[in-house]
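The chain contents come next:
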Amino acid sequence: MSATRVLVLNSGSSSVKYQLLDMRDGSRPAQGLVERIGEQSSRLKHTPLGGEARERTGPIADHDAALKAVADELAKDGLGLDSPELAAIGHRVVHGGKTFTEPTVIDETVLAEIERLIPVAPLHNPANLTGIRTAMALRPDLPQVAVFDTAFHTTMPESAARYAIDVETADAHRVRRYGFHGTSHAYVSRATAQLLGKAPEEVNVIVLHLGNGASASAVRGGRCVDTSMGLTPLEGLVMGTRSGDLDPAVIFHLMRVGKMSTDEIDTLLNKKSGLIGLCGDNDMREIRRRIDEGDEQAKLAFDIYIHRLKKYIGAYYAVLGRVDAIAFTAGVGENAAPVREAAVAGLEELGLLLDPELNAVRADEARLISRANSRVTIAVVPTDEELEIATQTYALAGDN
Ligand code: ADP
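Below is a short write-up of the structure.

Cut-offs used in this document
The residue count restarts for each chain, going from 1 along the sequence in the order it is written. A pLDDT threshold of at least 70 governs which residues receive local features in this predicted model, and a stricter bar of 80 or more applies before side-chain atom pairs are shown or counted, although totals over entire chains, interfaces and linings include all residues. Side-chain metrics in this entry use all non-hydrogen atoms of the structure; hydrogen atoms and water are not considered. Any residue with at least one heavy atom within 4 Å of a molecule or strand is counted as near it. Contacts described as polar in this section are N or O atom pairs within 3.5 Å, which, within protein, must combine one atom able to donate a hydrogen with one able to accept it, while residues neighboring in sequence count only if both atoms come from side chains. Under the DSSP-based scheme used, a helix requires at least four consecutive residues in state H or I and a strand at least two consecutive residues in state E, with every element numbered from the N terminus. Aromatic contacts are taken between Phe, Tyr and Trp rings whose centres are within 6.5 Å, Trp giving its six-membered ring; a plane angle under 30 degrees counts as stacked, one over 60 as edge-to-face, and the others as tilted. Partly exposed describes any residue whose relative accessible area lies between the buried limit of under 20% and the exposed limit of over 50%, with all areas from a 1.4 Å probe on protein chains only and scaled to the type maximum. In this analysis the charged atom, NZ for Lys or CZ for Arg, is taken to sit over a ring once it is within 6 Å of the ring centre and within 35 degrees of the ring normal. The term salt bridge refers to a side-chain nitrogen of Lys or Arg lying within 4 Å of a carboxyl oxygen of Asp or Glu. Only when DSSP finds a minimum of two bridges between them are two strands counted as paired. Throughout, a residue-residue contact means that at least one pair of heavy atoms, one from each residue, lies within 4.5 Å. Every angle, taken between N-to-C directions, lies between 0 and 180 degrees, and every axis is a line fitted to C-alpha atoms, over only the stretch in contact when it is a helix.

**Overview of the site of the ligand**
Reasoning step 1: For the ligand, the set of nearby residues contains 13 residues, the closest of which are Asn212, Met284, Arg285, Gly331 and Asn335.
Reasoning step 2: Gly213 is positioned with one of its backbone polar atoms (N or O) 3.3 Å from an oxygen atom of the ligand.
Reasoning step 3: Interatomic distance of 3.4 Å between a backbone N/O atom of Val332 and an oxygen atom of the ligand.
Reasoning step 4: Of all the elements in the fold, those that place two or more residues in the shell around the ligand are α10 (284-292) and α12 (330-335).
Reasoning step 5: At four residues, the largest contribution of residues to the shell around the ligand is made by α12.

Here it is in structure tokens:
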């Protein structure tokens with residue numbers, strides 16, 4: 001029996017999301033998540049392909065226990081971690097710094113480097129590491145591959161990757177623009193080229209990944225040349241709970257005049273800003289519902305969100321010089337027609353002509369939403385980070 005399956009693990013600080021993919025036929029034999037790890041009310045939800053979802057609630061103490069519980073659920077469906085069909089485990093790792101430009105088979109040196117990057121990714125890399133170590137302990141013989149959120153952006157030129165601050169200070173503390181959501185930007189830019197019937201090398205694409213976290217990227221001929229997130233995922237677009245771009249002096253002001261601590265400001269900008277800070281809701285569905293009822297605060301939050309988005313479309317248009325397509329993806333980008341409409345409204349002179357009827361269609365597939373005579377193609381391209389991680393993992397570690 002050949003090993004054709006890849007288990008994709010995305011370990012967050014209090015959660016583990018997983019999907020088992022079969023690279024032979026593209027099926028997904030099982031998927032699920034464990035949330036609220038470390039609390040009394042932990043929950044595991046496991047969905048086998050074509051079967052009923054199974055739920056388990058009750059304390060799951062740590063990532064070790066969580067992964068063992070996942071392994072138990074998989075085993076019940078005959079998909080256990082000891083299955084000879086399992087080829088490799090692919091781990092999403094948030095920060096790969098400048099070091100990791102590609103998916104990498106994990107060994108002790110790689111683990112040490114991911115650990116060295118903790119100061120620039122204090123929220124994410126420790127959880128990713130715990131997930132990797134636990135999985136390695138369960139299957140020490142199996143190839144485990146790290147797929148980095150930052151890797152796709154390592155092709156950015158220095159002119160886009162550097163902040164205009166003192167070079168020595170920046171280098172001493174590894175302060176530069178790394179970018180995130182890279183797996184999604186890579187997948188979506190490629191899928192967009194495919195939708196146009198072209199090779200990735202032939203097209204220039206602006207990818208707008210609009211989820212709860214949100215980022216834009218400018219991709220020239222398949223390579224990222226700029227992206228909106230920076231040292232951390234805080235920079236750039238207005239997001240569900242993050243401010244995105246602001247004058248850095250806002251922080252000094254809040255410290256000096258507002259007497260706020262570093263941690264308080266960190267929480268304010270990452271968790272209590274963006275849409276939720278502006279109007280109390282971070283779900284675009286709820287914001288649209290409130291706007292329909294005449295809610296002014298929700299309308300202003302929407303307008304600020306769109307204004308920033310439009311600025312990035314314009315900026316990346318200028319960076320690329322020639323744009324073949326703009327692709328909307330992730331929860332908001334794939335589902336919120338009013339966001340797509342507002343984002344490109346008034347950009348006809350730039351060659352963007354939206355077809356309102358196509359834009360209103362709801363579908364799961366990648367699709368065009370621009371008019372036939374639009375110089376720039378506008379598309380909705382659903383992202384699939386798990387598939388991208390599995391594909392990269394299998395290419396590196398599958399027995400092919
Ligand atoms: P993340 O992976 O960053 O948590 P997602 O890509 O799943 O986020 O996007 C989640 C967001 O997508 C929600 O917060 C919500 O704003 C938005 N969303 C999901 N479904 C819809 C919908 N049908 N209409 C509008 N917005 C939606």
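Anyway, onward from the coordinates.
**Quick notes on the packing of aromatic side chains**
Reasoning step 1: Throughout the structure, instances matching the rule amount to two aromatic pairs.
Reasoning step 2: Relative to Phe148, the ring of Phe100 lies with its centre 4.3 Å away and its plane at 5°, an arrangement referred to as stacked. Of the two residues, Phe100 is situated in the loop between β6 (86-93) and β7 (104-105) and Phe148 in strand β8 (residues 144-148); the sequence distance between them amounts to 48 residues.
Reasoning step 3: The class for Phe100 is buried, based on a relative accessible area of 8%.
Reasoning step 4: Above the ring of Phe302, the side-chain terminus of Arg288 is found at 4.7 Å from the ring centroid.

**Re unusual backbone geometry**
Backbone geometry follows two general trends: most residues other than glycine have a negative phi, and most peptide bonds adopt the trans configuration.
Reasoning step 1: Even without glycine at this site, Arg36 takes up a positive phi of about 55°.
Reasoning step 2: Relative to the elements of secondary structure, Arg36 occurs in the loop between β3 (30-35) and β4 (43-48).
Reasoning step 3: One non-glycine residue, His181, lies in the positive phi region at around 60°.
Reasoning step 4: Mapped onto the fold, His181 is located in the loop between α5 (167-172) and α6 (182-195).

**Remarks on the pattern of salt bridges**
Reasoning step 1: Tallying each qualifying case throughout the model produces 28 salt bridges.
Reasoning step 2: Residue Asp22 pairs with Arg5 through a salt bridge whose shortest N-O separation is 3.4 Å. With a gap of 17 residues between them, Asp22 in strand β2 (residues 16-22) and Arg5 in strand β1 (residues 5-11) connect regions that are remote in the sequence. Both residues of the pair, Asp22 and Arg5, belong to the buried class.
Reasoning step 3: Glu73 is the partner of Arg54 in a salt bridge, and the nearest nitrogen-oxygen pair spans 2.9 Å. Taken together, the residues span a long stretch of sequence, with Arg54 in strand β5 (residues 54-57) and Glu73 in helix α1 (residues 63-76) at a distance of 19 residues.
Reasoning step 4: Three or more residues are tied together by salt bridges with common partners; here these are Arg5, Asp22, Arg24 and Glu85.

**Considerations on the sheet that holds strand β14 (residues 377-380)**
Strand pairs in the sheet, formed through backbone hydrogen bonds, run parallel or antiparallel to each other.
Reasoning step 1: With mixed pairing, six strands are arranged side by side in an open sheet as β11-β10-β9-β12-β14-β13. What marks the edges here is a single partner per strand, and that holds for β11 (223-227) and β13 (367-368).
Reasoning step 2: Of the strand pairs in this sheet, strand β12 (residues 325-329) and β14 are connected by four bridges, and their pairing is parallel. Bridging across to β14, Ala327 finds its partner in Ala379.
Reasoning step 3: α6 contacts β9 (204-210), β10 (214-220), β11, β12, β13 and β14 of the sheet and is inclined by roughly 130° relative to β9.

**Section: the side chain of Asp324**
Reasoning step 1: Topologically, Asp324 is positioned in the loop between α11 (296-320) and β12.
Reasoning step 2: A distance of 2.7 Å separates a polar side-chain atom of Asp324 from the backbone nitrogen of Asn204.
Reasoning step 3: Beyond its immediate sequence surroundings of up to four residues, Asp324 is in contact with Leu196, Glu202, Val203, Asn204, Arg375, Val376 and Thr377.

**Concerning the sheet that holds β2**
Reasoning step 1: Strand order across the open sheet formed by eight strands is β5-β4-β3-β2-β1-β6-β8-β7, with mixed pairing between neighbours. Because the sheet does not close on itself, it has two edges, and the strands there are β5 and β7.
Reasoning step 2: With two bridges connecting them, β7 and β8 associate as antiparallel partners. For Thr104, the partnering residue across the bridge sits in β8 and is Ala146.

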